[in-house]
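Geometric and topological summary
What follows is each chain in one-letter form.
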Amino acid sequence: MSRPTTGPTGLAERAPHAVPAAAVGTGTGTGTLTVLDPRDDSFVGSVVEAGREEVADAVRRARSAQDAWMRTPAADRGVLLHAAATALRERADEMAALNGRETGKPFDDALGGVLAGADTLRQYAEIGPLHRGRSLVGARDAADFTIDQPRGVVAVITPWNDPVAVACGLIGAALVTGSTVVHKPSERCPHVGRMLGEVLSGVLPPEVLMTVSGGGAVGAALTEQPDVDAIAHVGSTATGRRIARVAALTGAHVVLENGGDDALIVDAGVDPVWAAEQAAVGAFANAGQICTSVERVFVHREIAPAFVEALAAEATRRNGRHELGPLVDRRLRDEVQRQVDEALASGASALVGGAVPSGPGAWYPATVLVDCGPRMTIMQEETFGPVAPVQVVADFDEALALASANRYGLAATVLTGSIANANRAVAELPVGAVKINAVFGGAPGGSAQPRGESGAGFGYGPELLDEMTLTKVVHYGSPVLTATGGAPTDEVAVDAGPGRTPHPQDPAEGGDPDAEGASDAEGDDQPRVHPGQPAEGG
């Protein structure tokens, strides 16, 4: 964990927690991360980035700790995760306040993220020990089953927009299944990442969880380590693609949840005021800095006027009450404004917002754009700001086609009273999650695989345990003993039946009972075993 320098905030002066036991870094990092509060540009603190050798050392130490952690009974690992969740809750207010200072996230939202992280640790503490293999149906005198084993060392790279909840999900799933973790939090909230590592490491065995601080170079150094067995990344598509290329060379398993450009379809017949409320929640929550924010709105022309009027009113109300927090920094705000300016230059109009306010910080107003077209950047790329760009469509068919014509595939929402249209959307939208008549929400345990450039693999839910483990097939056959009941012979008997060589795709092993081509072993002194037969470990 990289060493922080002391700033006027006193972040580095806290005792006895300023330097966790699992610290990595000696002040010889490649640079310094300086964080300013996006609310008023005040200095939050600085963190020295980990050097390449420090990253390699963190991975080596996690590797050394992995064998003992893997041998720890799953139930005991679950108990420790429960303790980690309790420790996190005890410092939830402190962590939420720090999150607000680093990212501008309103306190209640930040606190909700910390508590969600603690709840996620508890969930994995419960379901992790229940993650088990399957019994297979083979020969009556044999036993066949699968077991799941930890991957080893997992590199976890997490974003700033919900830094505690996202990190706890990936860390919890990896730890409860017996892997160790090296975590690199976002360079935009390194102090939150350090505190999270400190809190969790305080109740875990030494070096089971390591934290390294830094920007893209540190993340690249981490993913390039040959001892990293899996990489779990939540963040931009560009970074995810670089990670995938590196993993193709190292052989690491990759789980990616990357950018999104989520569409909202507003069908004819729905209440336009209710639809506008849904659109506002989807586009403006957390100032639009959510991976599944509403980024494109396609509204049926029959209700478009009333919908647009209500959406503009929602944005105006939020701006008037100062409900939105700032964007994470001015760099992101500049990108949001660039996309808005390009849309305005291409014929769009701003009914509300659309301009950078004066004063300190990285504030940006809730913005409603109308007369948008599908070729505008704001309708093609992830904006990550409180902007609702609206395009009017002639019918549901056009809306569905436009919503589907995008290189991302994270999620989409459809507001409709038509069961037929809802079913079509579920079947045809090329995304990992389809939400009908609600922009957020859903039952626990739902886990999606993103499509297109939005990533790959299950990044959350029970299925994340599958991503964090490897499955091994086990076959127990019956030995042949000596006639006197002594020690087993050197030969392993294979019950192939007279004159037939067993094949790994025989029906008893899950093959096709009508398959042809079995070799004729008649006349052999010993039955010949196919080199790929499970009993021989092939």
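As a starting point, this report considers the structure included with it. If you're wondering where the values come from, they're calculated on a predicted model, not measured in any experiment.

Position of Thr146 among the secondary structure elements: in strand S5 (residues 143-150). For Thr146, a relative accessible area of 8% translates into the label buried. Beyond its immediate chain neighbours, meaning those up to four positions away, Thr146 contacts Gly133, Arg134, Leu136, Thr471, Lys472 and Val473.

A word on the environment of Pro305. Its place among the elements puts Pro305 in helix H10 (residues 304-320). According to the relative accessible area criterion, Pro305 is exposed, its value standing at 60%. Remark: the alpha-carbon pair of Pro305 and Val392, spanning 87 residues in sequence, is separated by 9.4 Å.

Moving on: the nonpolar core. Of all hydrophobic cores here, the largest spans 105 residues; its most connected members are Leu88, Met95, Val266, Phe284, Phe307 and Leu311. Ranked by residue count, the leading element in this core is helix H5 (residues 163-176), at nine residues. Excluding anything up to four places from it in sequence, Leu311 contacts Ala276, Ala279, Ala280, Phe284, Val368, Ala388 and Val390. Grouped together as the second largest cluster of nonpolar side chains are 21 residues, Ala50, Val59, Val228 and Leu256 included.

Take the pairing of strand S14 (residues 367-370) next. Neither face of S14 is open: one carries Thr367 and Leu369, the other Val368 and Val370, and all of them are buried. By the bridge criterion, three bridges tie strand S13 (residues 349-352) to S14 in an arrangement that is antiparallel. Directly across from Ser349, in S14, lies its bridge partner Val370. Relative to strand S15 (residues 387-393), S14 is paired through three bridges, and the arrangement is parallel. Of the residues in S15, the one forming a bridge with Val368 is Ala388.

We now examine unusual backbone geometry. Positive phi outside glycine occurs at Ala287, with the angle close to 55 degrees. When you line up the elements, Ala287 lands in the loop between helix H9 (272-284) and strand S12 (296-300).

Moving on, we come to the packing of helix H4 (residues 107-127) against H5. Two elements in contact, H4 and H5, have axes separated by 8 Å at closest approach and are oriented at 15 degrees. As summarised for this structure, H4 and H5 are arranged roughly parallel, according to the angle between their axes. In terms of crossing hand, the pair formed by H4 and H5 is right-handed. Residues Gly113, Val114, Ala116, Gly117, Thr120, Leu121, Tyr124 and Ala125 of H4 touch H5, and the partners they reach there are Val164, Ala165, Cys168, Gly169, Gly172, Ala173 and Val176. By residue class, the composition of the contact of H4 with H5 is ten nonpolar, five polar and no charged.

Attention now moves to the sheet that holds S14. Within the open sheet, the seven strands sit side by side as S13-S14-S15-S12-S11-S17-S18. Their pairing is mixed. Each of the sheet's edge strands pairs with one partner strand only, and the pair in question is S13 and strand S18 (433-436). For this sheet, the mean inter-axis angle between neighbouring strands, taken without regard to orientation, is 25 degrees. On top of the sheet, H9 reaches strand S11 (263-266), S14, S15 and strand S17 (411-415); it is set at about 140 degrees to S15, its chief contact. Its contacts with the sheet place H10 against S11, S12, S13, S14 and S15, and it is angled at close to 60 degrees to S13.

Moving on to the packing of helix H3 (residues 92-103) against H4. For the pair H3 and H4, interaxial distance at closest approach is 8 Å and the crossing angle is 125 degrees. Accordingly, the angle class assigned to the pair H3 and H4 is oblique. Seen from above, H3 lies across H4 with right-handed handedness. Where H3 approaches H4, its residues Ala92, Asp93, Met95, Ala96, Ala97 and Asn99 are matched on the opposing element by Phe107, Ala110, Leu111, Val114 and Leu115. For the contact of H3 with H4, a count of residues per class yields nine nonpolar, one polar and one charged.

Here strand S6 (residues 153-157) lies mainly inside the structure; five of its five residues are buried. Burial along S6 is two-sided: Val153, Ala155 and Ile157 facing one way and Val154 and Val156 facing the other are all buried. Alignment of S6 against strand S7 (residues 180-184), held across five bridges, turns out to be parallel. From the neighbouring strand, Ile157 faces S7, where its bridge partner is Lys184. Direction of pairing for S6 relative to strand S9 (residues 230-234): parallel, over a ladder of four bridges. Directly across from Val156, in S9, lies its bridge partner Ala232.

Cut-offs and rules
All chains use their own residue numbering, which begins from 1 and follows the written sequence. Thresholds applied to this predicted model are a pLDDT of at least 70 for local features of residues and 80 or more for the giving and counting of side-chain atom pairs; totals over whole chains, interfaces and linings are not thresholded and use all residues. With hydrogens and water excluded, all non-hydrogen atoms of the structure serve as input to the side-chain values. Numbering of helices and strands runs from the N terminus; a helix is a DSSP stretch of H or I covering at least four residues, while a strand is a stretch of E covering at least two. Between buried and exposed lies partly exposed: a residue is buried under 20% and exposed over 50% of the maximum accessible area for its type, with that area taken using a 1.4 Å probe on protein chains only. The contact criterion used is simple: two residues touch if any of their non-hydrogen atoms lie within 4.5 Å. Among buried residues, those of type Ala, Val, Leu, Ile, Met, Phe, Trp, Tyr and Cys that are joined through side-chain atoms within 4.5 Å constitute a nonpolar core. Two strands qualify as a pair provided DSSP detects at least 2 bridges between them. Lines fitted to C-alpha atoms define the axes here, with helix axes fitted over just the stretch in contact, and angles between the N-to-C directions of these axes take values from 0 to 180 degrees. We call two directions roughly parallel when the angle between them is under 35 degrees, roughly antiparallel when it is over 145, roughly perpendicular when it lies between 65 and 115, and oblique otherwise. Crossing handedness: left-handed means the near helix sits turned counterclockwise from the far one by under a right angle, and right-handed means the same turn made clockwise. Under this grouping Gly is polar, as are all residues other than the nonpolar Ala, Val, Leu, Ile, Met, Phe, Trp, Tyr, Cys and Pro and the charged Asp, Glu, Lys and Arg.

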